[in-house]
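# Fold and geometry: a report
For reference, the chains in residue letters:
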Amino acid sequence: MVGAPITYTAFEDRLFSGLPEGEIAEALRSRGLPGRRTEAWKWSDLRAALREERAASVAYAGSDPASPLEPEGALVLFCRNGEWDLPELPDGVRVSLDAPRPTVLPDADLASLATTARVLTIEVDGTFGTPILIRRLSDGSGTHADRVSLRVAPHGRATLYETHEITGAPFPNSLTEIVLGEGASLTRLVVQPPASEAVLVHTSLLDVCEDAELNQSALTLGGALVRHENRLVQHTDSRVRLDALYKLSGQRHCDTTTHVDYAGTGAETRQLVKGVALDRARGVFQGKFHVDRGAQKTDAQMSHHALLLSQGASVNAKPELEIYADDVECAHGNTAGALDPEAMFYLRQRGLSEEAARGLLIDAFAGEVLARVGDEGMRAQLERLFREASN
Amino acid sequence: MLNIENLTVEIEGNPILDSLSLSVPAGEVHAIMGPNGSGKSTLSYTVAGRPGYEPVSGDVTLDGESLIGLEPDERAAKGVFLSFQSPVAIPGVATMNFLRTALNAQRAARGEDEVSSADFLKVFRTHAQTVGLTPDKLKRPFNDGFSGGEKKRMEMLQLALFQPRFAIMDETDSGLDIDALRMVGRVVNELRSPDRGFLVITHYQRLLEHVRPDRIHVLAGGRIVHSGGPELAAELEEGGYEQFTAEAA
Ligand SMILES: Nc1ncnc2c1ncn2[C@@H]1O[C@H](COP(=O)(O)OP(=O)(O)O)[C@@H](O)[C@H]1O
Ligand SMILES: [Mg+2]
């Protein structure tokens with residue numbers, strides 16, 4: 001790649017010429033947007049999906065839709081086409097909107113690009129019992145970025161819900177940075193209803209300090225091209241649940257990419273990713289656990305299971321364990337297949353239509369991921385969102 | 001009631017049922033006995049409409065109406081019930097929710113009223129007790145972690161619950177102890193009635209002591225090679241299938 005001349009697409013031309021001069025602009029200009037030829041993006045050709053010219057987004061035009069997640073008593077922060085709308089704040093949390101701090105983030109060009117946006121900083125000190133709901137609303141056909149930085153102080157507790165509610169064909173580029181201080185704990189849910197025409201990249205960078213705990217689940221229903229990338233650093237004795245569920249119909253795509261680095265000993269990771277692909281949809285899972293020589297006693301499990309429900313549907317998966325320590329327990333599993341014909345016939349013999357039997361088995365398949373969501377009310381809302389997406 | 005006429009079924013190009021004919025009048029219990037691989041389960045799947053078991057020729061009718069070409073759930077709504085030889089476990093599917101949904105789907109197809117959750121629960125509990133399944137088992141996903149015997153009890157629970165017009169019981173007795181066999185006898189005898197029929201597939205005389213058949217048929221090589229009264233069970237136990245398979249050849 002080095003030195004190979006790049007012919008920019010119409011979108012790249014416009015995007016790159018609008019960037020402030022500096023390292024980010026240089027880095028992006030030298031490589032172009034990631035796509036088919038970039039190893040980490042080989043199944044999600046962002047460059048091709050964004051080929052056409054596209055301007056910066058104008059103001060959000062629609063009215064706010066009903067939220068796909070309705071956590072009781074939540075503090076709701078709206079981001080409409082990249083513009084923040086902040087409510088009055090209760091005690092126990094500090095929120096500020098700061099000037100951009102452009103930063104080159106390693107192996108994350110899209111995240112770097114998002115650092116050109118203003119930073120919404122959220123700080124939680126003690127236990128903040130009110131769930132924080134960030135609703136990112138996007139419409140039109142332009143592009144915009146947003147950046148959220150959440151810090152949970154040592155031994156603090158917080159709950160963060162994030163939605164991507166997209167209509168039309170925009171390209172939002174979101175970045176969530178999270179630092180969980182020593183012994184802190186965070187429950188996080190990310191939900192993305194279907195957005196057939198939209199391109200979405202959401203990068204999350206999480207630093208999980210010593211003894212901290214993260215319980216994360218994502219439900220995504222895909223788009224023209226959607227990538228949810230989570231990059232974590234886990235420190236000594238931290239515990240992480242890193243689950244995801246996707247259901248894709250039509251020609252939708254969703255890429256779930258996760259990368260966990262172990263920077264201490266005795267960290268625990270439990271990852272269960274499940275997906276359902278119908279019609280001509282395309283699912284992607286890339287998971288990597290990178291266990292350095294010093295990260296002894298790491299206990300990490302990664303599973304990805306996909307249901308392929310039509311001839312035209314496809315799923316690409318690359319689960320990877322990169323282990324340099326000798327005293328660790330790490331495992332991964334990966335399967336893809338159709339619905340069990342024996343179970344289908346059994347259910348139908350008992351009177352269920354083909355559609356009902358299929359629905360029951362698909363919900364049962366997904367149930368394993370959703371059952372791990374601790375909050376009963378949220379779990380029920382996720383189940384409904386999953387079920388209502390077409391089979 | 002159930003009429004099978006010249007039924008020929010091929011699996012992957014191999015003939016498994018060979019112009020088989022059999023008739024079970026309403027109110028009767030017929031037994032089918034036959035060596036392993038003779039086509040007994042194939043016959044039950046064909047009647048129930050399992051994909052891949054479409055007949056090459058012949059017909060299966062219930063009360064004069066052909067079942068061939070109907071979907072499995074349409075046959076179920078018409079009253080065809082199959083107690084599976086090896087019932088599947090379905091992780092993630094809640095047992096009671098599934099069975100209530102299935103019962104109401106059948107009832108809706110027949111134009112009958114929905115059964116309320118409360119009424120369902122009452123009936124379900126009674127049957128569960130009859131077949132000897134404890135409440136903790138029923139809270140589990142369907143057949144999840146069940147032993148072979150427990151799965152057969154679950155089949156009998158469903159027989160009692162769905163009250164089908166025609167039930168096929170495919171080796172329900174295999175893997176059951178004496179008490180469980182007696183339970184199967186109780187469930188079936190309770191359901192025996194002038195407008196209901198049973199086809200009981202078994203290898204052993206034991207079950208037939210609890211469920212007295214009106215007729216016994218020997219299935220070998222994909223056809224009925226011999227039929228007789230209840231006394232045939234003892235003859236088979238005594239002399240094996242060979243006496244009749246030889247006769248057929
Ligand atoms: N799905 C199938 N695929 C291939 N062969 C089958 C299938 N089902 C049944 N058979 C074959 O058909 C024959 C009859 O099987 P089956 O009906 O199960 O016999 P039984 O129940 O009397 O033991 C056997 O030779 C079996 O191998
Ligand atoms: Mg059999």
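An unreviewed UniProt entry annotates chain A as Fe-S cluster assembly protein SufD of Parvularcula dongshanensis.

## Quick word on the sheet that holds strand 9 (residues 185-192) of chain A
In any sheet, the strands associate via hydrogen bonds between backbone groups, in a parallel or an antiparallel arrangement. Residues and elements named next belong to chain A. With mixed pairing, 10 strands are arranged side by side in an open sheet as 2-1-5-7-9-11-13-15-17-19. Where the open sheet ends on each side, the last strands, each with one partner, are strand 2 (83-85) and strand 19 (329-337). Within the sheet, the average angular offset between the axes of one strand and its neighbour, ignoring direction, is 10°. Of the strand pairs in this sheet, strand 1 (residues 75-80) and strand 2 are connected by 3 bridges, and their pairing is antiparallel. Bridge pairing in strand 2 links Arg-80 to Glu-83. Here helix 6 (residues 354-370) sits on the sheet in contact with strand 13 (239-248), strand 15 (268-277) and strand 17 (299-308), set at roughly 160° to strand 15.

## Thoughts on the layout of surface pockets
All names here are of chain A. Reported here for the second largest pocket is a volume of approximately 610 Å³. Forming the boundary of the second largest pocket are 27 residues, of which Ala-56, Thr-116, Thr-143, His-144 and Ala-145 lie nearest the centre. For the lining of the second largest pocket, the secondary-structure elements that each account for two or more residues are helix 1 (10-18), strand 2, strand 6 (143-152) and strand 8 (171-180).

## Overview of unusual backbone geometry
All names here are of chain A. Within the chain, Asn-81 stands out as a residue other than glycine whose phi angle is a positive 45°. Locating Asn-81 in the fold gives a position in the loop between strand 1 and strand 2. By relative accessible area, which is 6% here, Asn-81 ends up buried. The phi angle at Asp-237 is positive, at roughly 60°, despite the residue not being glycine. Judged by its relative accessible area of 36%, Asp-237 falls in the partly exposed class.

## So, the coordination of the magnesium ion (ligand 2)
In an ideal octahedron of six donors the angles at the metal are 90 or 180 degrees, and in an ideal tetrahedron of four donors they are 109.5 degrees. Only B:Ser41 (OG) and B:Gln85 (OE1) from the protein coordinate the magnesium ion (ligand 2), and they sit 2.1 Å from it. Residue B:Ser41 is found in helix 1 (residues 40-48), and its partner B:Gln85 is found in the loop between strand 6 (80-83) and strand 7 (90-94); the two are separated by 44 residues along the sequence.

## Things to note about the packing of aromatic side chains
In this structure the tally under the stated criterion is 13 aromatic pairs over all chains. Note on A:Tyr8 and A:Phe16: the rings are 5.1 Å apart at their centroids and 80° apart in plane angle, and the pair reads as edge-to-face. Assessed through its relative accessible area of 29%, A:Tyr8 is described here as partly exposed. Three or more aromatic residues joined by ring pairs make a cluster, and in this case those are A:Phe345, A:Tyr346, B:Tyr45, B:Tyr53, B:Phe84, B:Phe98 and B:Phe142. Positioned over the ring face of A:Phe386 is A:Lys247, at 4.3 Å from the centre of the ring. Between B:Arg50 and the ring centre of B:Tyr45, over which it is positioned, the NZ or CZ distance is 4.7 Å.

## Here we look at the pairing of strand 13 of chain A
All names here are of chain A. Buried residues dominate strand 13, accounting for 9 of its 10 residues. With 8 bridges joining them, strand 11 (residues 213-220) and strand 13 adopt parallel strand pairing. Counted as the bridge partner of Ser-217 is Asp-243 from strand 13. Note that strand 13 and strand 15 share 8 bridges and pair parallel. In the sheet register, Tyr-246 faces strand 15, and the bridge partner there is Gly-275.

## Section: empty space enclosed by the protein
Residue and element names in this part refer to chain A. In total, this model carries 3 cavities of 30 Å³ or more according to the counting rule given. Within this model, the largest cavity holds a volume of roughly 80 Å³. Contributions of two or more residues to the lining of the largest cavity are made by strand 11, strand 12 (223-234), strand 13, strand 14 (253-262) and strand 15. Split by residue class, the lining of the largest cavity holds 4 nonpolar, 7 polar and 1 charged. There is about 60 Å³ of room inside the second largest cavity. Lining of the second largest cavity is provided by Arg-188, Val-190, His-202, Ser-204, Gln-216, Ala-218, His-228, Glu-229 and Asn-230. Of all elements in the fold, only strand 9, strand 10 (195-208), strand 11 and strand 12 reach the threshold of two or more residues within the lining of the second largest cavity. Ranked by the residues each element gives to the lining of the second largest cavity, the list is headed by strand 12, at 3 residues. Residue classes in the lining of the second largest cavity are distributed as 2 nonpolar, 5 polar and 2 charged.

## Here we look at a negative patch on the surface
A contiguous patch of negative charge on the surface is contributed by A:Glu182, A:Glu210, A:Asp211 and A:Asp237. Relative to the helices and strands, A:Glu182 is located in the loop between strand 8 and strand 9.

## Describing the interface of chain A and chain B
With 14 residues of chain A in contact, the opposing surface of chain B contributes 29 residues. Three residues stand out in chain A for area buried against chain B, namely A:Phe345, A:Tyr346 and A:Arg350, and they jointly supply 41% of the buried area on that side. If you look at where chain A meets chain B, you find 3 salt bridges. A salt bridge links B:Glu71 to A:Arg348; the nearest nitrogen and oxygen atoms lie 2.8 Å apart. Inspection of the chain A/chain B interface yields 10 residue pairs in polar contact (both at pLDDT 80 or more). Sorting the residues of the side of chain A that touches chain B by element identifies helix 5 (341-349) and helix 6 of chain A as the ones contributing at least two each. Here the side of chain A that touches chain B takes 7 residues from helix 5 of chain A, the largest share from any one element. Considering only residue class, the side of chain A that touches chain B consists of 8 nonpolar, 3 polar and 3 charged.

Quick notes on the rules
- Residues numbered from 1 in each chain as written.
- Chains lettered and ligands numbered in written order.
- Predicted model: local features only at pLDDT ≥ 70, side-chain atom pairs only at ≥ 80, totals over all residues.
- Heavy atoms only, no water.
- Pairing = 2+ DSSP bridges.
- Helix = DSSP H or I, 4+ residues; strand = E, 2+ residues; numbered from the N terminus.
- Axes fitted to C-alpha atoms, helices over the stretch in contact; angles between N-to-C directions.
- Contact = heavy atoms within 4.5 Å.
- 1 Å grid on protein atoms, 1.4 Å probe; cavity = no way out; pocket = protein on both sides within 12 Å on 5 of 7 lines; lining within 4 Å.
- Points joined across faces, edges and corners; volume = space filled by probe spheres on them.
- Buried < 20%, exposed > 50% of the residue type's maximum accessible area, 1.4 Å probe, protein only.
- Donors = N, O, S within 2.8 Å, 3.2 Å for Na, K, Ca; no water.
- Phe/Tyr/Trp six-rings, centres within 6.5 Å; stacked < 30°, edge-to-face > 60°.
- Lys NZ or Arg CZ within 6 Å of the ring centre and 35° of its normal.
- Nonpolar A, V, L, I, M, F, W, Y, C, P; charged D, E, K, R; others polar.
- Patch = residues over 30% accessible without salt bridge, like charges linked within 9 Å, V, L, I, M, F, W, Y side chains within 5 Å.
- Areas by Shrake-Rupley, 256 points an atom, 1.4 Å probe, with all protein chains shown as cover.
- Salt bridge = Lys/Arg side-chain N within 4 Å of Asp/Glu carboxyl O.
- Lys, Arg positive; Asp, Glu negative; His and termini not counted.
- Charge placed at Lys NZ, Arg CZ, Asp CG, Glu CD.
- Buried area = accessible area lost by both parts, 1.4 Å probe.
- Polar contact = N/O pair within 3.5 Å; in protein donor to acceptor, adjacent residues only side chain to side chain.

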